[in-house]
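Here is what each chain is made of, one letter per residue.
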Amino acid sequence: MALVVIRHAPAPAPDPLAPALDTGAPSGPEIRRCDPWSGDPLPAGLKGIEGLVLTGDTPEALPLLREALAAEVPVLALGGGAELLARAADGSPTPAPRTPEAADPLLGGGDGAPQGSPGGGPRGAGEEGPDGGDGRPAPAPAFRVGGSAWGLATPPEGAGAGGLLGRFAALVAGRAEHTATRAFFTPRADAWEERFAHQTPAYEAAVSRMGLAAGQTALDLGCGSGRALPALRGLVGASGTVLGVDLTPAMLTAAAREGRTGPGRLLLVADCARLPLGAGAVHGIFAAGLLDHLPKPRTALAEWARVCAPGGELLLFHPSGRAERAARHGRPVSPDDPLADPNLRPALEATGWRLAEYEDAPDHFLARARRP
């Protein structure tokens, strides 16, 4: 994984990050330079990319930039790159108002970060710069698009440029796990439902094993396009609530397109290990193909126990068994697999769960646990 810096030609304007790059990369992700003007090919996609830096207007990078915005891969666009970022966002970037109470993670906060226009700080939300020459307003001197892309029309120089690169590299490193997940699932989201629709009956059968009742709240973690949501809705009824949580916004867009929103059906963008829910807020948790892909399974299990009411249930599921999945990937079943009974049972016990059922069949995996 790397932070890719797409640099503009050395003339007519100097590269604001050249001194910082030449004196050594800051700690964090590997920094990979890409100079299209000297023959370097642009990355064909986001695979292996944790963040993007653009130091000039490189129109051929526009498709990659739009892909990065869709997947919320962190982007820092400087000088002419800020104009390119504005075009990638359809010419309507959202300037990020900054206050001491809610400092921007990159541009603000009184820590020496650039503060937009030199005449009195950044423009407020909705403000734009002067005409960019093509009939559209130019982007504000310092602005943010969504929560992961920043543009500076006038980047800092010298030590300021090095500090900016260091802050951005630290931000990229801190979001690396989320970035990798979103970069993988975003381009696949539109076809996800069609590709895996044949698994829906297996999901429905698994959900039917949960002891949910009408009026309760069910949580589907890593819900994807929402194949389990209708079955969960059937258990809790019209008076209950079903929450679908996924880290990738494009997956939730696919779920909404399938009609899986409405009264009592909510979709949330969130990290499943840091849920925006109160203690005991739900009565049952469904998680399909999720736990064994998390970097810290026990941390996630503890968080799920926190949000589950006493007596509630957790159902871990996959529509194929562990051995079948390992064989599909050309490897043996790992003894370190967090879903293996000798690993899963003590992990559940240590995080507030009690294992009630464990099945690792050729055609499915299922583990059902309760909150004492």
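Since this is a predicted model, take the numbers as computed values, not measurements.

How would you summarise the overall build of the chain if you had to cite specific residues and measurements?
Per the secondary structure count, the chain includes 12 helices and 13 strands. Evaluated residue by residue, the chain yields a buried proportion of 48% over its 372 residues. Element-wise, carbon and sulfur atoms account for 54% of the exposed surface of the chain, whose accessible area totals about 16500 Å².

An account of the packing of helix α2 (residues 62–71) against helix α3 (residues 80–88) is needed here, citing residue identities and associated values.
Relative orientation of the contacting elements α2 and α3 amounts to 65°, with a least axis distance of 9 Å. Taken as a pair, α2 and α3 cross one another with a handedness that is right-handed. Residues L62, L65, R66 and L69 of α2 form the contact with α3, whose participating residues are L84, L85, R87 and A88. Considered class by class, the residues forming the contact of α2 with α3 number 6 nonpolar, no polar and 2 charged.

Could you give an account of the pattern of salt bridges, with specific residues and numbers?
Note that side chains of opposite charge can pair when their charged atoms are close. Under the criterion given, the structure shown has 17 salt bridges. Between E313 and R368 there is a salt bridge whose closest N-O contact spans 2.7 Å. Of the two residues, E313 sits in strand β11 (residues 308–318) while R368 sits in strand β13 (residues 364–370), which places them 55 residues apart along the sequence. A salt bridge links R322 to D360; its shortest N-O distance comes to 3.0 Å. You can see R322 sitting in helix α11 (residues 322–328) and its partner D360 sitting in strand β12 (residues 354–361), a full 38 residues away along the chain. Judged by relative accessible area, D360 falls into the partly exposed class, the value being 33%. Members of the salt-bridge network, linked through shared partners, are R209, E313, E357, E359, R368 and R370.

A description of the pairing of β13 should follow, citing residues and the corresponding values.
Across the 7 residues that make up β13, a large majority, 6, are buried. Strand direction decides the pairing type here: β11 and β13, joined by 6 bridges, are antiparallel. Bridging from a neighbouring strand, L316 pairs with A367 of β13. Of the strand pairs in this sheet, β12 and β13 are connected by 7 bridges, and their pairing is antiparallel. Paired with R354 across the strands is R370, a residue of β13. Count of turn residues in the β12/β13 antiparallel hairpin: 2 residues.

Any chance you could break down helix α6 (residues 189–196) for me, citing the residues and the numbers?
Residues that lie three or four places apart on an α-helix share one face, since the helix turns once every 3.6 residues. For α6, every residue scored as buried is listed here: A189, W192, E193 and F196. Around the axis of α6, the buried residues are gathered within 100° of arc, so they sit on the same side. Exposed and facing more than 90 degrees away from the buried side of α6 are D190, E194 and R195. Those residues of α6 that are buried lie in contact with α5 (176–185), α7 (200–207) and α9 (249–257).

Provide a residue-level description of the side chain of E303, including the pertinent values.
Its place among the elements puts E303 in helix α10 (residues 297–307). When neighbours within four sequence positions are excluded, E303 is seen to be in contact with C272, A273, R274 and L275.

How would you explain the sheet that holds strand β4 (residues 75–78) if you had to name every residue and give the values?
Strand order across the open sheet formed by 6 strands is β2-β1-β3-β4-β6-β5, with mixed pairing between neighbours. Bordering the open sheet on either side are β2 (30–34) and β5 (142–145), each of which pairs with just one other strand. Strand-to-strand twist of the sheet, defined as the mean angle between neighbouring strand axes without regard to direction, takes the value 20°. Bridge count between strand β3 (residues 49–54) and β4: 3 bridges; the pairing is parallel. Across the sheet, L54 pairs through a bridge with A77, a residue of β4.

Describe in detail the packing of aromatic side chains, supporting the description with residues and values.
Enumeration according to the criterion identifies 7 aromatic pairs in this entry. Aromatic side chains F184 and F185 sit 4.9 Å apart centroid to centroid with 85° between the ring planes, which places their arrangement in the edge-to-face category. Here F184 falls in the partly exposed class, since its relative accessible area comes to 40%. Its guanidinium or amino end placed over the ring of F184, R188 lies 3.8 Å from that ring's centre, counting from NZ or CZ.

Any details on α9? Residues and values, ideally.
Looking only at α9, the buried set comprises A250, M251, L252, A254 and A255. Directly after α9, the chain includes G259, whose backbone phi takes a positive value near 80°.

Quick one: what's the story with unusual backbone geometry, residue by residue and with numbers?
The backbone phi angle of E72 is positive, close to 60°, even though this residue is not glycine. As for its position among the elements, E72 is in the loop between α2 and β4.

Outline the sheet that holds β12, supporting the account with residue identities and numerical values.
What the 7 strands build is an open sheet, ordered β9-β8-β7-β10-β11-β13-β12; its pairing is mixed. Of all strands in the sheet, those bounded by a partner on one side alone are β9 (265–269) and β12. Direction aside, neighbouring strands of the sheet carry axes that sit 15° apart on average. α10 contacts β7 (217–221), β10 (282–288) and β11 of the sheet and is inclined by roughly 135° relative to β11.

How would you explain the pairing of β10 if you had to name every residue and give the values?
Among the 7 residues of β10, 6 are classified as buried, and the element is accordingly described as predominantly covered. Where β7 meets β10, 4 bridges bridge the pair, whose relative direction is parallel. Looking at the pairing, D220 lines up with F286 of β10. Sheet topology places β10 next to β11; 6 bridges connect them, and they run parallel. Each residue of the ladder has a partner; that of F286, found in β11, is L315. In this fold, the crossover linking β10 to β11 by way of α10 has right-handed handedness.

Conventions we followed
- Residues numbered from 1 in each chain as written.
- Predicted model: local features only at pLDDT ≥ 70, side-chain atom pairs only at ≥ 80, totals over all residues.
- Heavy atoms only, no water.
- Helix = DSSP H or I, 4+ residues; strand = E, 2+ residues; numbered from the N terminus.
- Buried < 20%, exposed > 50% of the residue type's maximum accessible area, 1.4 Å probe, protein only.
- Areas by Shrake-Rupley, 256 points an atom, 1.4 Å probe, with all protein chains shown as cover.
- Axes fitted to C-alpha atoms, helices over the stretch in contact; angles between N-to-C directions.
- Left-handed = near helix turned anticlockwise from the far one by under 90°.
- Contact = heavy atoms within 4.5 Å.
- Nonpolar A, V, L, I, M, F, W, Y, C, P; charged D, E, K, R; others polar.
- Salt bridge = Lys/Arg side-chain N within 4 Å of Asp/Glu carboxyl O.
- Pairing = 2+ DSSP bridges.
- Arc of directions from axis to C-beta.
- Phe/Tyr/Trp six-rings, centres within 6.5 Å; stacked < 30°, edge-to-face > 60°.
- Lys NZ or Arg CZ within 6 Å of the ring centre and 35° of its normal.
- Right-handed = clockwise from strand over helix to strand, strands pointing away.

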